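# Overview (structure and organization)
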Amino acid sequence: MSPLPVPRAEAVVDLAAIRHNVRRLAEHCGVAMMTVVKADGYGHGMVEVARAAREAGSAWLGVATIDEALALRAAGDTGRVLCWLTVPGEDHDAAITADVDVTAYSLAELAEVEAAVTRTGTPARLQLKIDTGLSRGGSTWDDWPALVEAARAGEVAGHWWVTGIWTHPASSDEPDDPANDSQEQVFRDALAVAEAAGLQPEVRHLANSAAAILRPSARFDLVRCGIASYGLDPAPGHTPDLGLVPAMTARATLAMVKDVAAGAGVSYGHTWVADRATTLGLVPVGYADGVPRHASNVASVGIAGRQRPVRGRVCMDQLVVDLDGDRPEPGTDVVLFGTGRDGAPTAQDWAEAAGTISYEIVTRFGGTRVTRTHVDSEAPA
Ligand SMILES: *Cc1c(COP(=O)(O)O)cnc(C)c1O
């Protein structure tokens, strides 16, 4: 059997778009850049995205877990990497010996880092996170003085350098939300407490993509840009046009085209019934490949420069679109979402159709049956 000319289902990631976006964000923000590559680079491929981000000048990479940080090291990345989410008993030894900056939220985590430093004989790079109002990870305000005191004592004892102090915003995609002002103020107060304890962190940081783009006062020394690095809008309706380019195109190969009569029910439960004779196209991707089932009957795909609506329910492996009497050849390219330049939908369009955010659309597209291909639209031919 000869191989298919193109895969059945594919996520095509343009690394030139990643580089372009990282450079645009750095120009716009005017501070050091951390490109956030957790969750396999939001589904774009962590190692490839990391490499492109470094080429574009990203001084830092951000990941959630120690395992992700170690995977970057295993792939040859030697720059600054911050991770921020551990559970008790995780392998801090490996992170510390790999020169990864680790984050502590609590005295218990500091004790774990200290034990790892003792075992490995290697001082750690340590960052401290304060919860300024997201009520997710990070030290509470009440616990903060004790955490910074202990962190300073460990620094004096030679266990670590406190390289950073940081927090995370709750509502940066809603720039008028008063939480933005209050969180920034609590962060400034927390920094003052840390400085009074003798800490002099190299980087103070608060901003994710939305805050980095929309709130100059939140940029401090470093901004942590995830979604905008992938070319997607972190705050739809608020973001100025920075010329960011969506890096991922989700595509499939049209499997079949058929005629149906008026009255034909389409897909499970017949939630769509043809009100006229039409032609239908079978697109061989479904919710097992990360296509949201909530997009049933509401999203569209691009075929030959035209948007074609999804009819009926998205199934595990496939979905059906309305071709409205046209008959593209089976084998034709189907764009689920991409740059938006070719008339096809974007990940943001899918997010709106499915009642979610573009983060979830790109991060979930993929899995074991979707080929991921990296291209570089700026590479010399
Ligand atoms: C995921 C994450 C980011 C990136 O957020 P975006 O909205 O994608 O820019 C930044 N900081 C932390 C702590 C995160 O978990």
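Residues numbered from 1 in each chain as written. Predicted model: local features only at pLDDT ≥ 70, side-chain atom pairs only at ≥ 80, totals over all residues. Heavy atoms only, no water.

### Some remarks on the UniProt feature "binding site: substrate" (unreviewed entry) in the chain
- UniProt annotation of "binding site: substrate" (unreviewed entry) refers to R136 and M316 when read in the numbering used here. An extended arrangement is adopted by the annotated residues: their sequence extent is 181 residues, and the largest C-alpha distance between any two is 33.1 Å.
- Tracing the sequence through the fold places R136 in the loop between strand 6 (124-129) and helix 7 (144-156).
- Note on R136: relative accessible area 58%, which makes it exposed.
- Residues in contact with R136, not counting those within four places in the same chain, are D131 and H168.
- By secondary structure assignment, the location of M316 is in the loop between strand 16 (306-311) and strand 17 (319-322).
- Setting aside chain neighbours within four positions, we find M316 in contact with G286, Y287, A288, D289 and R369. (UniProt positions renumbered as here; feature names shortened; annotations may be inferred. Helix = DSSP H or I, 4+ residues; strand = E, 2+ residues; numbered from the N terminus. Buried < 20%, exposed > 50% of the residue type's maximum accessible area, 1.4 Å probe, protein only. Contact = heavy atoms within 4.5 Å.)

### Considerations on the sheet that holds strand 18 (residues 333-337)
- Ordered in space as 11-14-17-16-15-18-10-1-19, the 9 strands form an open sheet in which the pairing is mixed. The open sheet has two edge strands with one neighbour each: strand 11 (256-260) and strand 19 (371-375). Adjacent strand axes in the sheet meet at a mean angle of 35°, parallel and antiparallel pairs treated alike.
- Of the pairings in the sheet, the one linking strand 11 to strand 14 (residues 278-283) comprises 5 bridges and is antiparallel in character. Each residue of the ladder has a partner; that of M256, found in strand 14, is L282.
- Running over the sheet, helix 1 (residues 15-29) touches strand 1 (9-14) and strand 19 and is turned about 40° from strand 1.
- Along the sheet face, helix 10 (residues 347-354) touches strand 15 (300-303), strand 16 and strand 18 and points at about 65° away from the line of strand 18. (Pairing = 2+ DSSP bridges. Axes fitted to C-alpha atoms, helices over the stretch in contact; angles between N-to-C directions.)

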